[in-house]
Amino acid sequence: DHGDTAPGPVSMGKNSSRGKLLFQKRKLEADTLAVSGGGVVPRPKLDSDGRVDPRSVSNLLWASYYQEQKVVPEGEWEAFEEMMRTTLPVSFRLTGCATDGSVIALRNYMVNTHVQHIASADGRKLESIPWYPQKMAWRFDVSRAELRGKGPSERSMEGVDVDTRDPTLVKFHSFLKREGELGSLSRQEEVSMIPPLVLGVEPHHVVLDMCAAPGSKTQQLIEALESSPGKPPTGFVVANDSDVRRCRLLVHQCKRLDSANILVTHHEAQTFPSRLSIREELRFDRVLCDVPCSSDGTMRKSPDLWKRWTERLAYGIHRLQLQIACRGVELLKVGGRLVYSTCSLNPVEDEAVVCALLAKYDGAIRLANAHANVPLLKRSPCLETWRLRENGVWYNSYDELPADVREVGKIRPTMFAPAPELVAGYNLDLCLRVLPHNQNTGGFFVALFEKTMEVEGSHYFDKEAKMVAAPAAELGAEEQVEVGQKRKLDIESKGEPTKAPPRDHVSAVLHGKGEIGGLYDKLFVLKPDLLARLADFYGIDTTRMPLEQLVSRSSISKSIYFVSESILRTLKLDVQTKLSVINTGIRVLEYTGMKNIDCEYRLCQEGLHTLVAQQLVKRQVVHAPVSDLLLLYQKRTQIRAEEFTAETARQLKEQTRCGCFAMVSEMDEAVEANTEGCATSEGGAASSSVDPGAESAVRRHLLMCAAMWSRKGTVDVLISKAEANSALIWLGNTGYLATKYEDSAGATAATARAATTAKRAES
């Protein structure tokens, strides 16, 4: 084994990687010997997939560091260390508003189909996360690998591989994948759900997520913003990330919510623009700083961190964390709130940054109670004192560091604990420090700040300050554009796609610069004649939705997007194009190229929630019973008008013009109050907290589907087969038990009557 011999000269080529790994191993062993006085990090064992088995890992550097820092309360170290070596349970969150009928139906389906049948002989169970409100988040105490069925396969006597996976796990994994692809739920680590809840977003807030990718927390922010059903929010979310590839992932994640209230940008978080023009500042009601960190709180999910952990991981990222947090404070409105969070256990990344912020903005910001919005979350005490270790030696203050260590510059004064009298006034007990053994989670830290007065700009941003202070005469021509003035339309841009035929539907550039099809979005204003035709065909309510909210992202306007009024206003104010926009708006209309129809633009399924559910369009909407919608889902194509019910056929023939339309069905479901989202009891059976005096309630579900009505008198559905199948499962769960459209009439009413009768019998 080469790992047991002394390293020789490292050769080039394929042996160079081996040499680097060997060097790192020897260095880690040397550091461990220096700290602990003997012994090396044992080589971790591998599981059946060749991965590191977390139960066999250890790191004496890690253990000695956190024992010395007293991160874990006295008497809890063994429980903490044992939990750190176990695999993290699977956790996920139902997306959408908790009071939405479709969310309740999905949760009931999951409870009835999976929760009651998933308990196995070894006692594992699927249950709601106790501290997350309204049973919208769930935990399953198996590892991700076990859920996916990873492990050694068995062979039968004939030598054929036999699937040894638990059938209930296979079924549940398929459910998670299907609903995850459709956006009905989001796989997310449990502790990462905490910051958006602590931030307390409301529908009127303008929110900034400074380091947003991959987007699970951004989804929570959007859901909180849109938490008032039937009432569109006046605020919006700016989701920013410094990595373009991660921005694309962020867009993909957030598209599942079909929201028009998100603006995805690409900036370094520590230099995010604070002004849109000379006169317009950019400020936010809520700011989320979930900063990059050493991530040692995620060792249960990423056991490879065990073998490469050192305290210097935190030293190298402390400065960036402080810069991002400072910029967040500067972008925050007076009276606004900021959450600073990490998935690190290290006080250098947690309490040290909090203390540095409070010291820098003395009196302008203060800590608020981060525990108020998550009262059932168990936490551990925050640290009031800590030390730093360098080359095996502990130091209490920056002044104790040797001169050669100071010259390197990796350790900064802000990393050390302030004087005890200062710490006492900071109220660090208002922060949240979550340790894995508290509630079987990962490690996490959250601090909530409130801004009480305006602060001066940081010295890191002198370049932008000079730009803002420059007189108008020194600014370029583009930077002197008045607010609201249209930018010049450059159809001849080199980035313009050449394959699609040009359509003269755009009149000016709304926002953006550079080549079309480049890194950032370029938004275009649509011509009035096209907007007028669309408004006439679909009956757009221009009093509630001004037509200027319909924009295009290309000069050929293949797709038309709806942007919220507040985002549109922000883009108009950004006359200097300070914001590097990756994506915004929701696709509501798409060019079909079809002939013999009255409008060449069709409705997009993802835009129906915005246009139809909020009644922004009055025409090309067919109201039908659920049986007709079920027919549409099952048959999908070449459906004759006579196959629908008489009233639906009449609407198609008399009120629907040739082209795209939306079929809308309303369905009432009898739901017992306080019974949604049952958790499992210890025996695996469903349990719920039912109020004996509660009355049965009726929830109304709004079902929508985009379809095409042809001159031949036939209908074709415009949604994917996967979406149709998911809708059929959903209908079955809501009490709509018919499997064939011929047998479906009256099924919902019968279910409602049966539920009401049963309730009366109990009382």
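A few points on the structure. (Residues numbered from 1 in each chain as written. Predicted model: local features only at pLDDT ≥ 70, side-chain atom pairs only at ≥ 80, totals over all residues. Heavy atoms only, no water.)

## Things to note about the overall build of the protein chain
Stage number 1. In terms of regular secondary structure, the protein chain is built from 24 helices and 30 strands.
Stage number 2. Expressed as a percentage of the 763 residues in the protein chain, the buried residues total 52%. (Helix = DSSP H or I, 4+ residues; strand = E, 2+ residues; numbered from the N terminus. Buried < 20%, exposed > 50% of the residue type's maximum accessible area, 1.4 Å probe, protein only.)

## Some thoughts on empty space enclosed by the protein
The probe, sized like a water molecule, is rolled over the atoms to show the empty space still left.
Stage number 1. Evaluation of the coordinates by the stated rule reveals three cavities of 30 Å³ or more.
Stage number 2. The volume enclosed by the second largest cavity comes to roughly 40 Å³.
Stage number 3. Surrounding the second largest cavity, Tyr 538, Ile 540, Leu 550, Val 588, Leu 589, Leu 603, Leu 611 and Val 617 form its lining. (1 Å grid on protein atoms, 1.4 Å probe; cavity = no way out; pocket = protein on both sides within 12 Å on 5 of 7 lines; lining within 4 Å. Points joined across faces, edges and corners; volume = space filled by probe spheres on them.)

## Focus on the pattern of salt bridges
Close approach of charged atoms allows side chains with opposite charge to pair.
Stage number 1. All chains considered together, the criterion is met by 37 salt bridges.
Stage number 2. A salt bridge links Lys 333 to Asp 285, with the nearest nitrogen and oxygen atoms 3.4 Å apart. Of this pair, Lys 333 sits in strand β11 (residues 332–342) while Asp 285 sits in strand β10 (residues 284–290), and the two are 48 residues apart along the sequence.
Stage number 3. For Lys 333, a relative accessible area of 34% puts it in the partly exposed group.
Stage number 4. Taken together, the shared-partner salt bridges connect Asp 536, Asp 598, Arg 619, Arg 657 and Arg 711 into one network. (Salt bridge = Lys/Arg side-chain N within 4 Å of Asp/Glu carboxyl O.)

## Examining helix α3 (residues 77–84)
Residues that lie three or four places apart on an α-helix share one face, since the helix turns once every 3.6 residues.
Stage number 1. Of all the residues in α3, the buried ones are Trp 77, Phe 80, Glu 81 and Met 84. Along the long axis of α3, the arc covered by the buried residues comes to 95°, so they all point the same way. Of the exposed residues in α3, those oriented more than 90 degrees away from the buried face are Glu 78 and Glu 82.
Stage number 2. Buried residues in α3 make contact with α2 (60–69), α10 (305–308) and α16 (436–439). (Arc of directions from axis to C-beta. Contact = heavy atoms within 4.5 Å.)

## Brief notes about helix α8 (residues 216–225)
Stage number 1. Among the ten residues that make up α8, nine are buried, leaving the element largely enclosed by the rest of the structure.
Stage number 2. Buried residues of α8: Ser 216, Lys 217, Thr 218, Gln 219, Gln 220, Leu 221, Ile 222, Glu 223 and Leu 225, and no others.

## Digging into the pairing of strand β3 (residues 137–140)
Stage number 1. By the alternation rule, side chains of β3 split into Ala 137 and Arg 139 and Trp 138 and Phe 140, which are all buried.
Stage number 2. Two elements, strand β1 (residues 90–94) and β3, share four bridges in a ladder whose sense is antiparallel. Paired with Arg 93 across the two strands is Ala 137, which belongs to β3.
Stage number 3. Pairing between strand β2 (residues 126–128) and β3: three bridges, direction antiparallel. The residue of β3 that forms the bridge with Leu 126 is Phe 140. (Pairing = 2+ DSSP bridges.)

## Looking at the packing of aromatic side chains
Stage number 1. Counting across every chain of the model gives 18 aromatic pairs.
Stage number 2. With a centroid separation of 5.8 Å and 45° between ring planes, the pair formed by Tyr 66 and Trp 309 is classed as tilted. With Tyr 66 in helix α2 and Trp 309 in the loop between α10 and α11 (312–315), this pair connects stretches of sequence that are 243 residues apart. By the burial criterion, Tyr 66 is buried, and Trp 309 matches it.
Stage number 3. Taken together, Trp 62, Tyr 65, Tyr 66, Trp 77, Phe 80, Trp 306, Trp 309 and Trp 394 form an aromatic cluster joined through their ring pairs.
Stage number 4. Over the face of the ring belonging to Tyr 561 we find Arg 553, whose NZ or CZ atom lies 4.4 Å from the ring centre. (Phe/Tyr/Trp six-rings, centres within 6.5 Å; stacked < 30°, edge-to-face > 60°. Lys NZ or Arg CZ within 6 Å of the ring centre and 35° of its normal.)

## Description of the nonpolar core
Stage number 1. In terms of nonpolar packing, the biggest core is built from 86 residues, with Trp 62, Met 210, Phe 284, Tyr 340, Val 354, Leu 357 and Phe 449 touching the most fellow members.
Stage number 2. By size, the runner-up hydrophobic cluster in this structure holds 61 residues, among which are Val 90, Leu 147, Leu 185 and Ile 194. (Core = buried A, V, L, I, M, F, W, Y, C linked by side-chain atoms within 4.5 Å.)

## Focus on the packing of helix α4 (residues 101–113) against helix α6 (residues 167–182)
Stage number 1. Running from amino to carboxyl end, α4 crosses α6 at an angle of 170°, the nearest separation of the two axes being 12 Å. By the angle class used here, α4 and α6 are roughly antiparallel. The handedness of the crossing between α4 and α6 comes out as right-handed. Taken together, the residues of α6 that come into contact with α4 (itself represented by Leu 106, Tyr 109, Met 110 and Thr 113) are Lys 171, Phe 175, Arg 178 and Glu 179. (Axes fitted to C-alpha atoms, helices over the stretch in contact; angles between N-to-C directions. Parallel < 35°, antiparallel > 145°, perpendicular 65-115°, else oblique. Left-handed = near helix turned anticlockwise from the far one by under 90°.)

## Things to note about the side chain of Ser 192
Stage number 1. Note on placement: Ser 192 falls in the loop between β6 (185–187) and α7 (194–199).
Stage number 2. Taking relative accessible area as the criterion, Ser 192 reaches 9% and is therefore assigned buried.
Stage number 3. Among the polar contacts made by the side chain of Ser 192, one reaches the side chain of Gln 188 at a distance of 3.2 Å.
Stage number 4. In contact with Ser 192, not counting residues within four places along its chain, are Ser 216, Lys 217, Gln 220 and Phe 444. (Polar contact = N/O pair within 3.5 Å; in protein donor to acceptor, adjacent residues only side chain to side chain.)

## A closer look at the sheet that holds β6
Stage number 1. With antiparallel pairing, the four strands of this open sheet are ordered in space as β2-β3-β1-β6. The sheet is open, and its two edges are formed by β2 and β6, each paired on a single side. Neighbour-to-neighbour, the strand axes of this sheet turn through a mean angle of 25°, independent of strand direction.
Stage number 2. Across the face of the sheet, α4 comes into contact with β1 and β3 while running at roughly 145° to β1.
Stage number 3. Running at roughly 110° to β6, α6 makes contact with β1, β2, β3 and β6 of the sheet.

On their own, these measurements won't tell you what the molecule is for.
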